[in-house]
Amino acid sequence: MDQANKTALELALQQFRKNKRFSGKGALCVALIVTQHARKGLPLNKDDLLTGSGGQVLGLGKDTVQAVLKRHGIPRILAAEGGRTSRGSIGNMREYADFLNAWAQARPALNAQAIAEEAEKFWVACVREFFAAGPFRLRRDNARSLRMLIRDVMQQAQERQRDMPGMQYAGAVLQHLVGAKLDCALGKDNLKHHSFSTSDAQTGRAGDFFIGESVALHVTVTPGEAVIDRCRQNLDEDLRPVIVTTARGLAIAEGLAEQAGLGERIDVFEAEQFIALNLYELGKFTPQGRHDAVQSVVNRYNEIVQAVETDPSLQIELRP
């Protein structure tokens, strides 16, 4: 492919990525795999890019995605499931296939493999950009309340989530902040931590965290009937369910619990208060103690993210 067509394809891909918001790891996985299908010929038949059941994109999975990245010297895992669990994967596949088909149709002299090779280079560069994304930033400001420090991080996560649809940054940050806070309070060896994408149902866990011998703690940004059902199961198993959620989610969770007849049997806590109060207790309510407690929780949070997540941009950088 000559330089003029290479430049034209790159510019078109940049515009497509912006318009369709192909920024999250799920969308990037889809782009890499559909590009591999394009090597075999264009135009693509979108129905042929679905599994037999029609429920997933053909070939989309961790091993196939990592094989592409390995060719380009990238050993890091882009997505634990290779994007298979993303709700928008089929829609993303169809949109990207349409783009490739239209671009190839407008340039019949170009062969499919040449187009796919250049497209692959573009998406691999996007993956490198994804891995290079900076962490969330938290300023250690003694003039601000601890609740505001926590709110600041959550707002950054929500803003990034709006910019990258399909990525549940807010939920992941909240889960791991609660986990870090619990580790600092109870000790590092008392809890098991899981990636945010690993559901309780997949693993048979009682909740996001199982504490002591009887408490199942569920962390959620947007509580729904599913978490109430999990709480009902907890109660049936003689466990004490606890929900930690956002200020907006608090009223929703309490309302759903009441509707299910469980309003007096489920404890529901607002996350900022849940974390901030424990930070005060960890710091023994002294200025230096507060400083040390925040540092300890952030350090532990970053350790958890490094251990169970594939996206390093979930980490928090604590600044003076």
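Quantities reported herein were computed from a predicted structural model and do not represent experimental measurements. (Residues numbered from 1 in each chain as written. Predicted model: local features only at pLDDT ≥ 70, side-chain atom pairs only at ≥ 80, totals over all residues. Heavy atoms only, no water.)

A. Seen up close, the overall build of the protein chain. A tally of regular secondary structure across the protein chain gives 12 helices and 6 strands. Projected onto its principal axes, the C-alpha coordinates of the protein chain cover approximately 70 × 45 × 30 Å. For the protein chain, with 320 residues in total, the buried portion stands at 48%. Per element, the accessible surface of the protein chain, about 16000 Å² overall, is 48% carbon and sulfur. Seen as two clouds, the 40 positive and the 38 negative side-chain charges of the protein chain have centres 6 Å apart. (Helix = DSSP H or I, 4+ residues; strand = E, 2+ residues; numbered from the N terminus. Buried < 20%, exposed > 50% of the residue type's maximum accessible area, 1.4 Å probe, protein only. Areas by Shrake-Rupley, 256 points an atom, 1.4 Å probe, with all protein chains shown as cover. Lys, Arg positive; Asp, Glu negative; His and termini not counted. Charge placed at Lys NZ, Arg CZ, Asp CG, Glu CD.)

B. Inspection of the environment of alanine 185 at higher detail. Along the chain, alanine 185 turns up in helix H7 (residues 169–186). Judged by relative accessible area, alanine 185 falls into the partly exposed class, the value being 40%. Apart from the residues within four sequence positions on either side, alanine 185 is in contact with Asn278 and Leu282. (Contact = heavy atoms within 4.5 Å.)

C. Inspection of the confidence of the model for the protein chain at higher detail. This prediction gives the protein chain a mean pLDDT of 90; 94% of its residues lie at or above 70. The low-confidence segment residues 199–203, where pLDDT is below 50, has 8 contacts with residues more than four positions distant or belonging to other chains. (pLDDT = per-residue confidence, 0-100.)

D. Structural detail: the side chain of histidine 176. By the secondary structure assignment, histidine 176 is in helix H7. When neighbours within four sequence positions are excluded, histidine 176 is seen to be in contact with His194, Phe196, Tyr301, Ile304, Val305, Val308 and Glu309.

E. Structural detail: the nonpolar core. The biggest cluster of nonpolar side chains holds 83 residues, and the ones touching the most others in it are Leu78, Tyr96, Trp123, Val178 and Leu217. In contact with tyrosine 96, not counting residues within four places along its chain, are Leu13, Phe16, Phe22, Ala31, Val34, Thr35, Ala119 and Trp123. Among the nonpolar cores identified, the runner-up in size contains 11 residues, and Val227, Leu256, Ala257 and Ile266 belong to it. (Core = buried A, V, L, I, M, F, W, Y, C linked by side-chain atoms within 4.5 Å.)

F. Molecular detail of a nonpolar patch on the surface. Together, Leu277, Tyr280 and Phe285 line one region of the surface with nonpolar side chains, adding up to about 320 Å² of accessible area. Its place among the elements puts leucine 277 in helix H11 (residues 271–282). (Patch = residues over 30% accessible without salt bridge, like charges linked within 9 Å, V, L, I, M, F, W, Y side chains within 5 Å. Salt bridge = Lys/Arg side-chain N within 4 Å of Asp/Glu carboxyl O.)

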